[in-house]
Amino acid sequence: MSVQPRLRRRLTALLALAVAGALALSGCASTASSGAAAAPTSSDAAGTWPRTFANADGTTTEIPAQPRRVVSTAVSVTGTLLAIGAPVV
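Residues numbered from 1 in each chain as written. Predicted model: local features only at pLDDT ≥ 70, side-chain atom pairs only at ≥ 80, totals over all residues. Heavy atoms only, no water.

**Q** So what about the overall build of the protein? Which residues, and what values?
**A** Counting secondary structure elements, the protein contains 3 helices and 2 strands. Helices (α) and strands (β) of the protein occur, in sequence order from the N terminus, as α-α-β-β-α. Expressed as a percentage of its 89 residues, the buried residues of the protein come to 3%. Sequence-distant contacts in the protein: of pairs separated by 6 or more residues, those separated by 24 or more amount to 9%. Of the accessible surface of the protein, which amounts to about 7500 Å², a share of 64% is contributed by carbon and sulfur atoms. (Helix = DSSP H or I, 4+ residues; strand = E, 2+ residues; numbered from the N terminus. Buried < 20%, exposed > 50% of the residue type's maximum accessible area, 1.4 Å probe, protein only. Contact = heavy atoms within 4.5 Å. Areas by Shrake-Rupley, 256 points an atom, 1.4 Å probe, with all protein chains shown as cover.)

Spelled out as structure tokens, the structure:
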């Protein structure tokens, strides 16, 4: 096996790894228009109640009063709740 094909394979693999890394990191970039909600302020938390939400199946869910505590059963959900300032138990 000559040196040229081996070098070409290594360079191709290195280029593919660099492109994959760049794509992975670009998914982590934050922009102002990302739509992520900021943590609620005290005026947001004291907003109007009850609140009604439209569900994907066309039904609605109503939360009659501001929750005092929120129970999370999954670590990924807990992180999201903490990020929005929810009173997680």
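**Q** A description of the pairing of strand β2 (residues 60–63) should follow, citing residues and the corresponding values.
**A** Looking along a regular strand, one sees side chains alternate from face to face of the sheet. Relative to β2, strand β1 (residues 51–54) is paired through 4 bridges, and the arrangement is antiparallel. Across the sheet, residue R51 finds its bridge partner in β2, namely I63. Counting the residues that bridge the hairpin from β1 to β2 gives 5 residues, and of these G58 lies at a positive phi of roughly 95 degrees. (Pairing = 2+ DSSP bridges.)

**Q** Which residues make up unusual backbone geometry, and what values do they have?
**A** The amide bond that connects W49 to the next residue, P50, takes the cis arrangement and shows omega of 5 degrees. Counting through the fold element by element, P50 comes out in the loop between α2 (42–45) and β1.

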